[in-house]
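A look at the structure
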Amino acid sequence: MIDLTRRRALLLTLAGSVPLITGSSRSFAATRTVTVALDWTVNTNHIGLFVARDKGFYREAGIEVDILPYSDTGAGTLVANHVADFGINGTISLFTQKTAGADLKGVYAVVQSETGRLVFNAARSEIKSPKDLNGLTYGGFGSAWETALISTIIRHDGGKGDFETVTLGTSAYEALANGSVDFTLEVSTWEGVEAELRGVKQRSFVYADHGVPDEHTTLISSSEAYLQANPELASSFIQATRRGYQFAVDHPGEAATLLIAANKDALTNPALVHASLKALLEGNYLCGQNGAIGTLDPAKMEAIGNYLFAAGILRDADGKVLPQSPDFARYFSNAFWGSWPIP
């Protein structure tokens with residue numbers, strides 16, 4: 001589950017350019033079948049999709065949903081090239097890919113606030129606040145977003161924002177555990193939960209506490225082409241998907257058990273799944289403190305977009321830094337919710 005860690009950072013290396021996938025684009029003929037591409041191996045971020053499928057919510061909406069497994073081609077790329085109708089991806093990758101010309105639009109917020117955090121071993125008593133990270137070594141994943149994020153956190157606390165980076169990918173967690181690096185980034189609701197279950201003691205800094213705008217972290221996107229050609233079908237899918245996530249909020253035990261049963265080969269640690277879902281609920285991630293489930297907050301989307309622009313992360317199709325901020329309201333939509341009531 002690692003949008004900023006494994007999932008987000010690894011996919012961000014591709015976000016600046018979206019390759020055209022030839023010979024496999026789907027036509028947008030009227031159909032009641034919907035395809036959804038996953039952003040990583042199955043985890044609790046995906047729970048609403050499997051609940052909606054296996055509890056029959058999609059069937060009741062008159063649609064059949066095919067959940068595509070994670071592949072080397074990112075979900076955003078599959079959606080942008082019209083190979084998949086919807087895909088789970090990160091807010092950061094949505095912004096960077098769309099700015100580079102990808103046909104993408106966010107339509108559903110899987111989480112209502114940032115699940116990522118900066119972590120280090122609890123025994124590092126000399127690290128009392130972010131400025132103490134100055135000059136230390138970060139085990140990272142190779143994206144410009146990471147550099148901007150960590151620099152902001154350190155500078156916000158009065159440090160210079162200088163640190164060493166070793167690009168390790170998913171090996172960063174092992175490197176942190178054995179002391180080869182001083183800190184890394186992880187998702188609190190998956191890697192954080194897993195570390196806790198293993199008895200690993202960590203301390204962390206929350207991004208939004210140190211100058212970085214809060215964001216939805218993980219969302220569902222579609223393409224303008226698909227949404228314009230299939231507004232009613234898209235609305236049916238989004239509303240039934242929300243039913244799935246609402247069910248997970250109201251019946252977490254049953255939802256977690258269902259997710260595990262549907263993915264026995266991938267989810268071999270039931271305790272992690274149940275504990276992760278508990279963390280998503282207790283942290284008001286799947287359902288915000290205001291009761292929001294699925295809706296994209298315009299203020300949050302605007303704030304993170306402005307942050308990315310100011311940091312020089314947003315680039316056009318030629319790889320050039322944008323000279324002026326785009327209209328971020330075009331990057332997402334809550335228009336497909338309709339008037340569907342939660343039963």
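This one's a predicted model, so the numbers in the text were calculated from it and none came from an experiment. (Residues numbered from 1 in each chain as written. Predicted model: local features only at pLDDT ≥ 70, side-chain atom pairs only at ≥ 80, totals over all residues. Heavy atoms only, no water.)

Note on placement: Gly312 falls in the segment after α13 (298–310). Residue Gly312 is classed as buried on the basis of its relative accessible area of 18%. Between the C-alpha atoms of Gly312 and Ala148, which are 164 residues apart in sequence, the distance is 9.0 Å. (Helix = DSSP H or I, 4+ residues; strand = E, 2+ residues; numbered from the N terminus. Buried < 20%, exposed > 50% of the residue type's maximum accessible area, 1.4 Å probe, protein only.)

Here we come to the sheet that holds strand β3 (residues 86–90). What the 5 strands build is an open sheet, ordered β2-β1-β3-β10-β4; its pairing is mixed. Where the open sheet ends on each side, the last strands, each with one partner, are β2 (64–68) and β4 (105–109). For this sheet, the mean angle separating the axes of adjacent strands, direction not counted, is 30 degrees. Where strand β1 (residues 33–37) and β3 come together, 2 bridges link them in parallel fashion. (Pairing = 2+ DSSP bridges. Axes fitted to C-alpha atoms, helices over the stretch in contact; angles between N-to-C directions.)

Moving on, we get to the environment of Val166. Mapped onto the secondary structure, Val166 falls in strand β7 (residues 164–167). Discounting chain neighbours no more than four positions away, the residues touching Val166 are Thr137, Tyr138, Gly139 and Gly140. (Contact = heavy atoms within 4.5 Å.)

Moving on: the packing of helix α5 (residues 91–99) against α13. For the pair α5 and α13, the least separation of the axes is 11 Å and the interaxial angle reads 60 degrees. Considering their axes alone, α5 and α13 lie oblique with respect to each other. The two elements α5 and α13 cross, and the hand of that crossing is right-handed. For the pair formed by α5 and α13, the contact residues are Thr91, Ile92, Leu94 and Phe95 on the first element and Met301, Ile304, Gly305 and Leu308 on the second. Residue composition of the contact of α5 with α13, by class: 6 nonpolar, 2 polar and no charged. (Parallel < 35°, antiparallel > 145°, perpendicular 65-115°, else oblique. Left-handed = near helix turned anticlockwise from the far one by under 90°. Nonpolar A, V, L, I, M, F, W, Y, C, P; charged D, E, K, R; others polar.)

Nothing here speaks to function; it is geometry throughout.
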